[in-house]
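# Fold and contact review
Letter by letter, the chains look like this.
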Amino acid sequence: MTVLVNASTKDPSEDDEVTNKLASTKNLDDLTVVSFYKFADIPDYTTKRQSLVDVCGRLHVSGGIILAAEGINGSISGTKKAVAEVLESIQADARLANLRITRAPASYDEVGSDGAFRWNHVRVRLKKEVVPLGVPGLNPANKAGQYVKPSDWNELISDPETVVIDVRNSYETRIGSFKGALDPKTASFREFPDWVDKNLSLKGDRPCRIATFCTGGIRCEKATAFLLDRGFDEVYHLEGGILRYLEETQPAESLWQGECFVFDRRVSVEHSLVPGTYDLCYACKKPVNKQDMESTEWEAGVSCPHCFHHKSQREKDRARARQRQFDILSY
């Protein structure tokens, strides 16, 4: 089940007025992007949808939020004060207290009217899972691996007895990962269980210790619940994910290599969450670098070297027509 609700029910002119006011503000440092999640038992999750839509709309907070019986997962943007009020409203439910939160500063370009988020526009979805894995019966709220703080992460993954697994998708792992981490090369998180069953033996060379990580912590936490369910005993996951590690770890001490893909207009970030060097192919929603965009297979909005051979000519023609319309409207 997926139910989508937008908070953009006001007159469009009201959105324009809010956007213009925010664009002219002198204190752009007051804007923020916040990602959050928590696994919790909330069987009445469907009743929470409208109140979230209402509070985000009233405070001009935008982004996307997913609700499911297993918890909540979201990424929202707005002024620091407004976002704090939304988070307070969510955590008023004791089951959702102590959200796992990652904050990053934002510029108006990132959250403006043509940015990754639009003011007065929040998507609230009701789903079966807050992060789809497709394994019935898992309950990360009651059974998951142990959190490892960023300050302790280097020691854990440097131990030769630790098997380190990047549970993100292949388009994320190719631009950066931790040194020595296994890359399952999955196209989606749903493929992770099959990779585990085929590649991590429970006999003979069974790993004695597994450490998992992902962008913000939610996928690796659910991955540990699955690993425990499969009989692995000593399982860990990086608290706050890669983003928290990059925020708190000095480059000279870091075991991270490359950049970290993020699901907003920044595309990628480096240490201290400084925006990275990657752009986005809007045809396949995958990160591209300067070399990719110098390729003959690159055409803005149509294709890149990573999707050129996977798209039919018909798909490219449609994308090309869509891009022409976008260029006309943006002129």
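Residues numbered from 1 in each chain as written. Predicted model: local features only at pLDDT ≥ 70, side-chain atom pairs only at ≥ 80, totals over all residues. Heavy atoms only, no water.

The protein appears in an unreviewed UniProt entry as Rhodanese domain-containing protein from Selaginella moellendorffii.

## A word on the sheet that holds strand β10 (residues 209-213)
The 4 strands lie next to each other as β7-β11-β10-β8, forming an open sheet whose pairing is parallel. The sheet is open, and its two borders are formed by β7 (146-148) and β8 (162-166), each paired with just one other strand. Pairs of neighbouring strands in the sheet enclose a mean axial angle of 30°, with direction left out of account. Taken together, the 3 bridges between β7 and strand β11 (residues 235-238) define a ladder with parallel strand orientation. Its bridge partner lying in β11, Q146 is registered against Y236. Relative to the sheet, helix α5 (residues 150-158) contacts β7, β8, β10 and β11, its axis offset from that of β10 by approximately 135°. Across the sheet, helix α8 (residues 218-229) is in contact with β7, β10 and β11; its angle to β11 comes to roughly 175°. (Pairing = 2+ DSSP bridges. Helix = DSSP H or I, 4+ residues; strand = E, 2+ residues; numbered from the N terminus. Axes fitted to C-alpha atoms, helices over the stretch in contact; angles between N-to-C directions. Contact = heavy atoms within 4.5 Å.)

## Let's talk about the side chain of T186
When you line up the elements, T186 lands in the loop between β9 (176-178) and α7 (192-199). At 3.4 Å, the side chain of T186 forms a polar contact with the backbone oxygen of R168. With near-sequence residues (within four places) excluded, T186 lies in contact with R168, N169, S170, E191 and F192. (Polar contact = N/O pair within 3.5 Å; in protein donor to acceptor, adjacent residues only side chain to side chain.)

## Things to note about the packing of aromatic side chains
Scanning the model with the defined rule gives 11 aromatic pairs in all. Measuring from centroid to centroid gives 5.8 Å for W153 and F178, while their planes differ by 55°, and the two rings are tilted. One end of the pair, W153, is in helix α5; the other, F178, is in strand β9, and 25 residues separate them in sequence. Where F192 meets F226, the ring centres are 6.3 Å apart and the plane angle is 65°; that geometry is what we call edge-to-face. Here F192, found in helix α7, pairs with F226, found in helix α8; they are 34 residues apart in sequence, far enough to count as distant. (Phe/Tyr/Trp six-rings, centres within 6.5 Å; stacked < 30°, edge-to-face > 60°.)

## Quick notes on the pairing of strand β4 (residues 71-79)
Taken across its 9 residues, β4 has 8 buried, putting it largely inside the fold. Bridging between strand β2 (residues 31-39) and β4 involves 9 bridges; their strand directions are antiparallel. Pairing of F39 across the sheet is with G71, part of β4. Across 7 bridges, the pairing between strand β3 (residues 62-68) and β4 is antiparallel. By the bridge assignment for β4, I65 is matched with G74. Joining the antiparallel neighbours β3 and β4 is a turn of 2 residues. (Buried < 20%, exposed > 50% of the residue type's maximum accessible area, 1.4 Å probe, protein only.)

## A look at the packing of α5 against helix α9 (residues 241-248)
Viewed as axis vectors pointing N to C, α5 and α9 meet at an angle of 105°, and their least axial separation amounts to 9 Å. Our classification of the angle between α5 and α9 gives roughly perpendicular. Mapping the contact onto sequence places P150, W153 and N154 in α5 and R244, Y245 and E248 in α9. When grouped by side-chain class, the residues that make up the contact of α5 with α9 number 3 nonpolar, 1 polar and 2 charged. (Parallel < 35°, antiparallel > 145°, perpendicular 65-115°, else oblique. Nonpolar A, V, L, I, M, F, W, Y, C, P; charged D, E, K, R; others polar.)

## Quick notes on α5
Since the α-helix packs 3.6 residues into each turn, any two residues three or four apart lie on the same face. The set of residues buried in α5 consists of P150, W153, N154, L156 and I157. Buried residues in α5 make contact with β7, β8, β9, β10, β11 and α9.

## Some details on the environment of R209
Note that R209 resides in strand β10. In the structure, R209 is positioned 27 residues away from Y236 in sequence and 8.0 Å away in space, judged by C-alpha atoms. Setting aside residues no more than four positions away along its own chain, R209 makes contact with L156, D159, E161, T162, V163, E234 and Y236. Separated by 3.2 Å, the side chains of R209 and D159 make a polar contact. One polar contact links R209 to E234, side chain to side chain, over a distance of 3.0 Å.

## Considering the packing of α7 against α8
It is the contact of α7 with α8, at a shortest axis distance of 11 Å, that shows an interaxial angle of 40°. Judged by the inter-axis angle, α7 sits oblique to α8. In this structure, α7 meets α8 at a crossing whose hand is right-handed. Where α7 abuts α8, its residues F192, P193, V196 and D197 lie against A223, F226 and L227. Of the residues that constitute the contact of α7 with α8, the class distribution is 6 nonpolar, no polar and 1 charged. (Left-handed = near helix turned anticlockwise from the far one by under 90°.)

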